[in-house]
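Inside the fold
Residue strings, one per chain:
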Amino acid sequence: MSAELLKAVAAPKNPNIPEIQPGDIVSVYLRIKEGNRERVQEFRGTVIRVRGGGNDATFTVRRIASHGIGVERTFLTRSPRIEKVTVHRHSKVRRARLYFLRERQGKKARLKEKFIRRDANQ
Amino acid sequence: MFKGLIGKKIGMTQIFDENGAAIPVTLIEAGPCYVTQVRRPEKDGYTAVQLGFQEVSPKRLTGGQLGHLKKVGVPPLRYLREFRVKDPDVQEGDTVTVERFAVGERVDVTGTSKGRGFQGGVKRHGFGGGPKTHGQSDRWRAPGSRGAGSTPGRTMKGSRGPGHMGHARVTVMGLEVVLVDPERNLLAVKGGVPGPKGGLVLIREARKN
């Protein structure tokens, strides 16, 4: 009973967010309000954490900004502020949380690409 | 208008507002409650509204409880709680639902906090504990002195120390109502509410504004 009530107030799933996995290179398109103007900003980087939890789910994207400064941003998956998410590539990773990328720079911070066969799941 | 409800804590989640900001909320399945008795000064010496919540099999109640509820024509109810009000504008047998509350209103929510068992002074009262280094042993979480020396020669009554923590009546005041769903008897208030999931909570109009 109580679980159903929790679901009753849950925000709808955003159909423009595909399934995201740790290691994916993604672009998150965010709606940003500037005064009364709305624009869409892109945040592109590596997914280092995907947290479930239905309505309360989040995922964290890490990108290297100018001067080699790492920037991490955590998004609420069900947030209406997310316009859409596109996945550019998948990576071969062996753990769910890619925190080890924080201590790595340059060539060491690369992840091996993983090619997923489309016809396998369709 | 009388504003009071008995409910069950469902749990916490978040709701997105029109700007897309996430608001942390506690869901409460509240009501429908029945007015089981109205206390009046002539008879009882004070005014209050007694509400009943959660229908239950008649086998669960004693004969006296059943008679009390039968007198006002309401089904057998598990919980009865009183709400002190100045002007009880409800009748015995009336139904009270979440529709009495509106979004944006402030409410006080009373619950029974989670029991923590027997706890030391550091957790229970925020004592500092002892030094961790400089040759100290077994003093990290010690409560320290309980008072002065041979005057008064005893521990003052009411002084804080280790003991049973939690499982006490706690009220959080001034919570904002974020959502009212009369169809599901659901109420969402901004922020946390005392007690475990499934715990009984009382919702009242905010005393302070």
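Summary of the structure given here. Note that the structure is predicted; figures quoted are calculated from it, not measured.

Conventions and cut-offs
Residues numbered from 1 in each chain as written. Chains lettered and ligands numbered in written order. Predicted model: local features only at pLDDT ≥ 70, side-chain atom pairs only at ≥ 80, totals over all residues. Heavy atoms only, no water. Buried < 20%, exposed > 50% of the residue type's maximum accessible area, 1.4 Å probe, protein only. Helix = DSSP H or I, 4+ residues; strand = E, 2+ residues; numbered from the N terminus. Pairing = 2+ DSSP bridges. Patch = residues over 30% accessible without salt bridge, like charges linked within 9 Å, V, L, I, M, F, W, Y side chains within 5 Å. Areas by Shrake-Rupley, 256 points an atom, 1.4 Å probe, with all protein chains shown as cover. Salt bridge = Lys/Arg side-chain N within 4 Å of Asp/Glu carboxyl O. Lys, Arg positive; Asp, Glu negative; His and termini not counted. Charge placed at Lys NZ, Arg CZ, Asp CG, Glu CD. Axes fitted to C-alpha atoms, helices over the stretch in contact; angles between N-to-C directions. Contact = heavy atoms within 4.5 Å. Buried area = accessible area lost by both parts, 1.4 Å probe. Polar contact = N/O pair within 3.5 Å; in protein donor to acceptor, adjacent residues only side chain to side chain. Core = buried A, V, L, I, M, F, W, Y, C linked by side-chain atoms within 4.5 Å.

1. Observations concerning the pairing of strand 1 (residues 4-16) of chain B
Remark: a regular strand shows side chains that alternate across the two faces of the sheet. Residues and elements named next belong to chain B. Of all 13 residues in strand 1, eleven are buried; the element is thus mostly enclosed. Note that strand 1 and strand 12 (residues 200-205) share five bridges and pair antiparallel. When the sheet's bridge partners are listed, Ile6 is paired in strand 12 with Leu202. For strand 1 and strand 2 (residues 22-30), the ladder comprises nine bridges, and the chain directions are antiparallel. When the bridges of strand 2 are listed, Met12 appears paired with Thr26.

2. Observations concerning a positive patch on the surface
The grouping of Lys92, Arg94, Arg95, Arg104, Lys108 and Lys112 of chain A at the surface amounts to a positive patch. Residue position: Lys108 of chain A is located in the loop between strand 5 (82-92) and strand 6 (112-114).

3. Structural notes on the sheet that holds strand 7 (residues 106-112) of chain B
Residue and element names in this part refer to chain B. If you walk around this closed barrel you meet the six strands as 1-2-11-10-7-12, and the pairing is antiparallel. If you compare each strand with its neighbour and ignore which way they point, the axes differ by 50 degrees on average. The pairing of strand 10 (residues 169-181) with strand 11 (residues 186-190) spans four bridges and is antiparallel. Of the residues in strand 11, the one forming a bridge with Leu179 is Ala188.

4. Let's talk about the interface of chain A and chain B
Taken together, the contact between chain A and chain B spans 15 residues of the former and 15 residues of the latter. Summed over both sides, the interface between chain A and chain B buries roughly 1,300 Å², with carbon and sulfur atoms accounting for 66% of that surface. At the surface where chain A touches chain B, the tally comes to zero salt bridges. There are four residue pairs in polar contact (both at pLDDT 80 or more) connecting chain A and chain B. For the side of chain A that touches chain B, the element with the highest residue contribution is helix 1 (residues 2-8) of chain A, accounting for four residues.

5. Some points on unusual backbone geometry
All names here are of chain B. Cis rather than trans, the peptide bond between Thr151 and Pro152 has omega equal to 5 degrees. Position of Pro152 among the secondary structure elements: in the loop between helix 3 (121-125) and strand 9 (163-165). Positive phi outside glycine occurs at His167, with the angle close to 50 degrees. Turning to its location among the elements, His167 is positioned in the loop between strand 9 and strand 10. By relative accessible area, His167 is classed as exposed at 57%.

6. Describing the pattern of salt bridges
A side chain with one charge may pair with a side chain of the opposite charge, provided their charged atoms come close. Evaluated as defined, the whole model comprises nine salt bridges over all chains. Its salt-bridge partner being Lys3 of chain B, residue Glu105 of chain B comes within 2.6 Å of it at the nearest N-O pair. Within this pair, whereas Glu105 of chain B is found in the loop between strand 6 (95-96) and strand 7, its partner Lys3 of chain B is found in the segment before strand 1, the two being separated by 102 residues in sequence. We note that Glu105 of chain B, like Lys3 of chain B, is buried. One connected set of salt bridges, linked through shared partners, spans Arg62, Glu72 and Arg102 of chain A.

7. Some thoughts on the nonpolar core
Counting residues in each nonpolar core, the largest one holds 26 residues, and the members touching the most others are Leu5, Ile28, Leu51, Val107, Val109 and Ile203 of chain B. At the level of secondary structure, the elements contributing two or more residues to this core comprise strand 1, strand 2, strand 3 (33-39), strand 4 (48-55), strand 7, strand 10, strand 11 and strand 12 of chain B. Ignoring any residue separated from it by four or fewer positions in sequence, one finds Leu5 of chain B in contact with Ala30, Gly31, Cys33, Leu51, Phe83, Val96, Thr97, Val98, Phe101, Val201, Leu202 and Ile203 of chain B. Core analysis: the second largest hydrophobic core is formed by twelve residues, Ile17, Val28, Phe43 and Phe75 of chain A among them.

8. Here's the deal with the sheet that holds strand 5 of chain A
All names here are of chain A. Strand order in the open sheet made by the six strands is 4-3-2-1-5-6, with antiparallel pairing throughout. Two strands close off the open sheet at either side, each with one partner strand: strand 4 (70-76) and strand 6. Across the sheet, the axes of successive neighbouring strands diverge by a mean angle of 45 degrees, strand direction being ignored. With seven bridges joining them, strand 3 (residues 58-64) and strand 4 adopt antiparallel strand pairing. The residue of strand 4 that forms the bridge with Ile64 is Gly70.

9. Overview of the environment of Asp89 of chain B
Residues and elements named next belong to chain B. Along the chain, the position of Asp89 falls in the loop between strand 5 (77-84) and strand 6. Judged by relative accessible area, which is 40%, Asp89 ranks as partly exposed. For Asp89 and Lys114, which are 25 residues apart along the polypeptide, the C-alpha to C-alpha distance reads 34 Å. Ignoring anything within four residues of it in the chain, the contact list for Asp89 reads Met1 and Phe2. Among the polar contacts made by the side chain of Asp89, one reaches the main-chain amide nitrogen of Phe2 at a distance of 3.0 Å.

Remember that the coordinates give geometry; whether it matters functionally is a separate question.
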